[in-house]
Amino acid sequence: LKFRIAAASFSLYLTHKAAFHVTRHLFGEALEGRGVMAFVAYAAAAVVVGAVLHHAVERPFLKLRRRFVRKSESEDAAGHAHVIHAQAPNRQR
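Below you will find a few notes about this structure. Remember, it's a predicted structure, so these values are computed and weren't measured experimentally.

### Thoughts on the overall build of the protein chain
For the protein chain, the count of helices and strands is three helices and zero strands. Overall, the protein chain shows an N-to-C arrangement of helices and strands of α-α-α. Within the span of the protein chain, comprising 93 residues, buried residues form 18% of the whole. Relative to all contacts within the protein chain whose residues are 6 or more apart in sequence, the contacts with residues 24 or more apart total 54%. Roughly 8,200 Å² of accessible area belongs to the protein chain as shown, and the carbon and sulfur atoms make up 61% of that amount.

### Things to note about a nonpolar patch on the surface
A cluster of nonpolar residues, Val-57, Phe-61, Leu-64 and Phe-68, forms a patch on the protein surface that exposes about 420 Å² of accessible area. For Leu-64, the location among the structural elements is in helix H2 (residues 36–68).

### Description of helix H1 (residues 9–31)
Spanning 23 residues, H1 covers only 26 Å between terminal C-alpha atoms, well under the ideal 33 Å at 1.5 Å per step. Of all the bends found along H1, the most pronounced is centred on His-25 and spans about 60°. Among the residues of H1, those classed as buried are Ser-11, Leu-12, Thr-15, Ala-19, Thr-23, Gly-28 and Leu-31. After H1 finishes, the residue Gly-33 shows a positive phi value of roughly 75°.

### Details of a positive patch on the surface
On the surface, a cluster of positive charge is contributed by Arg-59, Lys-63, Arg-65 and Arg-66. Structurally, Arg-65 can be placed in helix H2.

About the cut-offs
- Residues numbered from 1 in each chain as written.
- Predicted model: local features only at pLDDT ≥ 70, side-chain atom pairs only at ≥ 80, totals over all residues.
- Heavy atoms only, no water.
- Helix = DSSP H or I, 4+ residues; strand = E, 2+ residues; numbered from the N terminus.
- Buried < 20%, exposed > 50% of the residue type's maximum accessible area, 1.4 Å probe, protein only.
- Contact = heavy atoms within 4.5 Å.
- Areas by Shrake-Rupley, 256 points an atom, 1.4 Å probe, with all protein chains shown as cover.
- Patch = residues over 30% accessible without salt bridge, like charges linked within 9 Å, V, L, I, M, F, W, Y side chains within 5 Å.
- Salt bridge = Lys/Arg side-chain N within 4 Å of Asp/Glu carboxyl O.
- Expected span 1.5 Å × (residues − 1).
- Bend = angle between axes of the 7 residues up to and from the residue.
- Lys, Arg positive; Asp, Glu negative; His and termini not counted.
- Charge placed at Lys NZ, Arg CZ, Asp CG, Glu CD.

Worth remembering: the numbers are spatial, not functional.
In structure tokens form, the structure reads like this:
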């Protein structure tokens, strides 16, 4: 399993605080006063939770988006993304 922190940075951002609080709730007494060990435990929890969210939610939705928006429509030559608004089909009266 290849996991890149940069690819999952948004998921890490969304989950790091919750991961910290859950880890502190579950292991707070064992980690109290442990300094670097506590930091490593909190960081590991944040990376694991972020990776799970990234692989279970973020990646599938990014793949779904790619189905509906072609790259040439969603990015310009410099690679900047643009929002594509779908137009309602013309209805003949």
